[in-house]
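# Inside the fold
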Amino acid sequence: QQPVQSPQAVILREGEDAVINCSSSKALYSVHWYRQKHGEAPVFLMILLKGGEQKGHEKISASFNEKKQQSSLYLTASQLSYSGTYFCGTANAGGTSYGKLTFGQGTILTVHP
Amino acid sequence: GAVVSQHPSRVICKSGTSVKIECRSLDFQATTMFWYRQFPKKSLMLMATSNEGSKATYEQGVEKDKFLINHASLTLSTLTVTSAHPEDSSFYICSALPTGRNSPLHFGNGTRLTVT
């Protein structure tokens, strides 16, 4: 089942912060975050693993609450380059294929000057 | 960093013809690759898991005879859309999983297929 992302869209001015949430109805092994710009490939941001957290970038961090089966992506001091659609991809606990992710519907982030 | 090359980036074909899309991992080996379909402003929908040297595993609702997947080597997987119809028009993306636990997926740049 597809994880649910919120909000669906967010508009920011440069320098503002944003939080994107990802919720699953199933127990999770890992949560992956990607950013996709129009017509391009999704770009890896970070992976959060059961029992741990991994930060991928200086101003972009994330948390993973295993009990609540949720993850949140935090973007601080946003830059114009942050604009794009953010997807979370989840791998279920007990799954047989690590990379087999189910992606959320995406959150469209727009940063204005 | 890990690079995945997907070719072609755009293709237009006529109804009834077949189209082959290639996905190559350029600087790493990938025993597993994934194929997705993405509609405008929508999420990535997993179509199938491609395993080197074995048959692909298709997701529910995906016709395996229509979307043929071959993973002949550790760096190449192909998706062939057979007897294409206008409703097959979409953005197709592949991803490759490097060996090593907890490696991230690396995506190709996608193929825009238009069937006329």
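Here the structure is a predicted model, which is why all the values come from computation and not from measurement.

Before going further, it helps to spend a moment on the overall build of chain A. Of regular secondary structure, chain A possesses zero helices and ten strands. Reading chain A from its N terminus to its C terminus gives the helix and strand order β-β-β-β-β-β-β-β-β-β. Counting over 113 residues, chain A shows a buried share of 45%. Relative to all contacts within chain A whose residues are 6 or more apart in sequence, the contacts with residues 24 or more apart total 57%. For chain A, the accessible surface area stands at approximately 5,500 Å², while carbon and sulfur atoms represent 49% of it.

This part covers the interface of chain A and chain B. The partner chain B presents 20 residues to the 20 residues of chain A that form the contact. Summing both partners gives a buried area of about 1,700 Å² for chain A against chain B, and 61% of it is carried by carbon and sulfur. Our enumeration of links across chain A and chain B arrives at one salt bridge. A salt bridge links A:Lys100 to B:Glu59; the nearest nitrogen and oxygen atoms lie 3.1 Å apart. The interface formed by chain A and chain B includes five residue pairs in polar contact (both at pLDDT 80 or more). Residue assignment for the side of chain A that touches chain B shows that the elements contributing at least two residues are β4 (28–36) and β5 (43–49) of chain A.

Rules and cut-offs
What you see as residue numbers is a count from 1 along each chain, following the sequence as written. Chain letters and ligand numbers both follow the written order, the letters beginning at A and the numbers at 1. Per-residue local features of the predicted model are confined to residues with pLDDT of at least 70, and side-chain atom pairs are confined, for both listing and counting, to 80 or more; whole-chain, interface and lining totals are unaffected and use all residues. Side-chain measures here rest on the full set of heavy atoms in the structure, leaving out hydrogens and waters. The helix and strand labels rest on DSSP assignments: H or I over at least four residues marks a helix, E over at least two residues marks a strand, and numbering proceeds from the N terminus. Only protein chains enter the accessibility calculation, which uses a 1.4 Å probe; a residue is then buried when its area is under 20% of its type maximum, exposed when over 50%, and partly exposed in between. Contacts were defined at the residue level, with two residues in contact if any of their heavy atoms lie within 4.5 Å. Per-residue accessibility takes into account occlusion by the displayed protein chains alone, with areas from the Shrake-Rupley method and a 1.4 Å probe. Note on terms: buried area is the combined drop in 1.4 Å-probe accessible area of two parts once they are placed together, counting the loss on both. When a carboxyl oxygen of Asp or Glu lies within 4 Å of a side-chain nitrogen of Lys or Arg, that pair is called a salt bridge. Here a polar contact is taken to be a pair of N or O atoms separated by no more than 3.5 Å, where protein atoms must pair a possible hydrogen donor with a possible acceptor and residues adjacent in sequence count only if both atoms sit in side chains.

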